[in-house]
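# An overview of the molecular structure
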Amino acid sequence: MKLTVDALRAKFGTAKPHVLLVLGSGLGSLADSFLNAQAIDFADVPGFARAAVVGHKGRVVVGDLEGVSCIALQGRYHLYEGHSLESVTLPIRAIHQLGVDTMIVTNAAGGVNRSLRAGSLMLIDDHINLTGRNPLVGPVVEGETRFPDMTEAYDLKLRSLALAVAAEQGVALARGVYGGLLGPTYETPAEVRMLEILGVDAVGMSTVPEVIVARARGMRVLGISLITNEAAGITGENLSHTDVVTVGNNAADAFGRLIRGVIGGIGAGHDY
């Protein structure tokens with residue numbers, strides 16, 4: 001990891017990012033609006049693999065957003081691609097060492113709760129790890145705790161801030177529980193019915209390992225899901241990743257206004 005951190009420091013110099021944005025499928029364009037931006041491709045960062053998922057640019061971008069120094073991952077790694085948990089979470093661990101203390105994690109997700117339609121934004125109140133894996137298994141990584149408290153995995157004050165910004169901006173923001181599965185198949189209708197019984201509102205194939213590591217490192221976390229489709233069996237329509245990216249692009253305005261408002265609130269020191 002030292003080589004990774006050293007390479008990021010060498011690229012971004014004296015930048016001291018405060019907020020990390022993990023931008024999921026179709027949501028990466030927000031980082032294109034950073035002021036004073038500098039970027040490096042994943043492939044040029046030691047320890048990073050190339051981004052292979054459609055809708056992920058595969059870049060690390062540093063710049064200013066709403067007056068706050070931010071660092072963004074335009075894309076992420078997934079377990080279903082064959083990456084190890086160490087590789088999936090390496091960007092979070094390395095970027096934390098740059099001084100980042102807050103992570104806003106986003107994803108494209110399927111709506112399990114029948115009130116969530118394609119294009120909806122959902123504030124993640126909690127998650128259920130259904131991958132069968134945990135990134136903290138093994139020796140304790142320096143800077144992390146062995147048994148992180150996950151009672152408030154998603155920071156209550158940041159959630160309150162997001163809800164206040166959404167109301168102010170006129171952005172509809174649902175709330176719910178995110179279920180993280182391994183993938184890469186979409187869920188069967190029977191699995192979706194099971195998820196409903198478990199209390200899952202939206203389902204996806206990312207986020208959970210990143211959040212676990214961030215919490216183990218003491219970072220505050222805010223999570224937002226973009227609902228790109230209703231889960232299998234709810235509408236009877238077939239699912240496609242192309243639709244996921246398209247819905248992400250269409251929701252860019254509302255998503256951008258919400259995230260900008262939250263980052264502006266963090267910069268202003270609002271304590272909700």
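Since the model is a prediction, treat every value here as computed from it, not as a measurement.

Definitions and cut-offs
Residues numbered from 1 in each chain as written. Predicted model: local features only at pLDDT ≥ 70, side-chain atom pairs only at ≥ 80, totals over all residues. Heavy atoms only, no water. Salt bridge = Lys/Arg side-chain N within 4 Å of Asp/Glu carboxyl O. Helix = DSSP H or I, 4+ residues; strand = E, 2+ residues; numbered from the N terminus. Buried < 20%, exposed > 50% of the residue type's maximum accessible area, 1.4 Å probe, protein only. Axes fitted to C-alpha atoms, helices over the stretch in contact; angles between N-to-C directions. Parallel < 35°, antiparallel > 145°, perpendicular 65-115°, else oblique. Left-handed = near helix turned anticlockwise from the far one by under 90°. Contact = heavy atoms within 4.5 Å. Patch = residues over 30% accessible without salt bridge, like charges linked within 9 Å, V, L, I, M, F, W, Y side chains within 5 Å. Areas by Shrake-Rupley, 256 points an atom, 1.4 Å probe, with all protein chains shown as cover. Polar contact = N/O pair within 3.5 Å; in protein donor to acceptor, adjacent residues only side chain to side chain.

Overall, the coordinates contain 13 salt bridges when judged by the stated rule. Linking arginine 217 and glutamate 144 is a salt bridge whose minimum nitrogen-to-oxygen distance equals 2.7 Å. Taken together, the residues span a long stretch of sequence, with arginine 217 in the loop between α5 (208–216) and β9 (220–230) and glutamate 144 in the loop between β6 (121–129) and α3 (156–169) at a distance of 73 residues. Each member of the pair, arginine 217 as well as glutamate 144, is classed as buried. The residue arginine 220 makes a salt bridge to aspartate 155 at a minimum N-O spacing of 3.1 Å. Highlighted residues: arginine 220 in strand β9 and aspartate 155 in the loop between β6 and α3, separated in sequence by 65 residues. For aspartate 155, a relative accessible area of 14% gives the class buried.

Turning next to the packing of helix α2 (residues 85–96) against α5. Remark: α2 packs on α5, axes separated minimally by 9 Å, with the N-to-C direction vectors making an angle of 50°. Here α2 is positioned oblique relative to α5, judged by the angle of their axes. Here the hand of the crossing between α2 and α5 comes out right-handed. Facing Leu85, Val88, Thr89, Ile92 and Arg93 of α2, the residues of α5 in contact are Pro209, Glu210, Val213 and Ala214.

This part is about a nonpolar patch on the surface. On the surface, a cluster of nonpolar side chains totalling about 250 Å² of accessible area is made up of Leu130, Met194 and Leu198. One can find leucine 130 in the loop between β6 and α3.

Take the side chain of arginine 159 next. As for its position among the elements, arginine 159 is in helix α3. For arginine 159, a relative accessible area of 11% corresponds to the buried category. In this structure the side chain of arginine 159 is engaged in a polar contact, spanning 3.1 Å, whose partner is the side chain of aspartate 125. If near-sequence neighbours (up to four positions away) are discounted, arginine 159 is found in contact with Leu123, Ile124, Asp125, Glu152, Tyr154, Arg175 and Leu222.

Turning next to the side chain of aspartate 155. In terms of polar contacts, aspartate 155 uses its side chain to reach the side chain of arginine 220, at 3.1 Å. Beyond its immediate chain neighbours, meaning those up to four positions away, aspartate 155 contacts Arg220 and Val221.

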